[in-house]
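So you can see what is in the structure, the chains are spelled out below.
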Amino acid sequence: MRQTHKEEHGRLWAMIDAYLEMLRSGVAPDIALVMKRRLAFSNAYLAHVASEGPVFNRLRTGDPDHPTDRLLNEYGGRLRDIMPGYSALIQQWTPQRIVDEWPAYCRQVQDQVAHYQAFLAWEEANIHPLLDKADELRRAS
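Definitions and cut-offs
Along every chain, residues carry numbers that run from 1 in the direction the sequence is written. Whole-chain, interface and lining totals are the exception, using all residues; otherwise, since this is a predicted model, local features are given only for residues with pLDDT of at least 70 and side-chain atom pairs are given and counted only at 80 or more. Think of the side-chain values as coming from all heavy atoms in the structure, minus any hydrogens and water. A run of DSSP states H or I qualifies as a helix once it reaches four residues; a run of E qualifies as a strand once it reaches two. Both are numbered from the N-terminal end. Each residue is assigned to one of three classes by its accessible area relative to the maximum for its type, calculated with a 1.4 Å probe on protein chains only: buried under 20%, partly exposed between the two thresholds, exposed over 50%. Here a residue-residue contact requires only that any non-hydrogen atoms of the pair lie within 4.5 Å. Using only the protein atoms, space was sampled on a 1 Å grid; points where a 1.4 Å probe fits but cannot get out form cavities, open sets with protein on both sides within 12 Å along at least five of seven lines form pockets, and lining residues are those with an atom within 4 Å of a point. Grid points are joined across faces, edges and corners, and a volume is the space filled by probe spheres set on the points. Basic side-chain nitrogens of Lys or Arg form a salt bridge, by our definition, when they fall within 4 Å of a carboxyl oxygen of Asp or Glu. By nonpolar core we mean a set of buried residues, namely Ala, Val, Leu, Ile, Met, Phe, Trp, Tyr and Cys, connected to one another through side-chain atoms within 4.5 Å.

Novice: In this structure, what is going on with the overall build of the chain? I would like to understand it.
Specialist: Within the chain, the regular secondary structure consists of six helices and zero strands. Seen in sequence order, the chain has helices and strands lined up from the N terminus as α-α-α-α-α-α. Its C-alpha atoms give the chain principal-axis dimensions of roughly 55 × 25 × 20 Å. Burial status across the chain gives 35% buried among its 141 residues. Restricting to contacts in the chain with at least 6 residues of sequence separation, those with at least 24 account for 79%.

What follows is the structure, encoded as structure tokens:
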């Protein structure tokens, strides 16, 4: 379980790095490339989050005061904090607006990506160890 999530996070980090490199180039690339990469990351990120839900729910103890449940609740809250910015970015930045306002788009995306990066790092530091424990318990049984 942990290995799958680690691999997915690795792919997400690589996609983020490639997108940021494109944004830092200073020259607006072909809008088709921008949209292709934006859509690829969006799909990968949403698929990853969707795959985590059932896995994380199996980790819950049913006791809202248990540290694992509190941590998973925090994960949910952090995820809910990210989603409005993501949705606004997608809605506000149409392909034509991206072409017309490339430098502003780059700044706003870089700000949003910083939130993604912080969330992924927090998840790796706090949630992935729970997955390690679950894997150990499964192997022991």
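Novice: Honestly, empty space enclosed by the protein in this entry has me stumped. Any pointers?
Specialist: Summary: where empty space remains is shown by rolling a probe the size of a single water molecule over the atoms. With the rule as written, the count across this model stands at one cavity of 30 Å³ or more. Roughly 160 Å³ of volume is contained in the largest cavity. Looking at the largest cavity, it is lined by 14 residues, and the ones nearest its centre are Y19, R38, F41, V113 and Y116. Secondary structure elements with two or more residues in the lining of the largest cavity: α1 (2–24), α2 (31–59), α3 (67–92) and α5 (102–126).

Novice: In this structure, what is going on with the pattern of salt bridges? I would like to understand it.
Specialist: Opposite charge on two side chains permits them to pair, given that their charged atoms come into close proximity. Taken as a whole and assessed by the stated rule, the structure comprises two salt bridges. With a shortest N-O distance of 3.0 Å, E74 and R78 are connected by a salt bridge. Here the residue E74 and the residue R78 both occupy positions in helix α3, the gap between them amounting to four residues, near one helical turn. E74 sits in the partly exposed class, given a relative accessible area of 35%. R78 sits in the partly exposed class, given a relative accessible area of 31%. For E101, the salt bridge is made with R97, and the minimal N-O distance between the two is 3.3 Å. For E101, a relative accessible area of 32% translates into the label partly exposed.

Novice: It is not clear to me how the nonpolar core should be interpreted in this structure. Could you clarify?
Specialist: Inside soluble globular proteins, nonpolar side chains tend to come together where they are buried. The biggest cluster of nonpolar side chains holds 34 residues, and the ones touching the most others in it are L23, Y45, F56, Y75, Y105, Y116 and I127. Those elements giving two or more residues to this core turn out to be α1, α2, α3, α5 and α6 (128–140). The element that contributes the greatest number of residues to this core is α5, accounting for nine residues. If we ignore the near neighbours within four places in the chain, the residues touching I127 are F56, L71, L72, Y75 and W122.

Novice: Looking at this structure, how should I read the environment of D132?
Specialist: Tracing the backbone shows D132 in helix α6. By relative accessible area, which is 28% here, D132 ends up partly exposed. As for D132 and H5, which are separated by 127 residues in sequence, their C-alpha atoms are 11 Å apart.

Novice: Can you help me understand the side chain of T68 in this one?
Specialist: Note on placement: T68 falls in helix α3. When residues no more than four places from it in sequence are discounted, the contact partners of T68 are L59 and L130.

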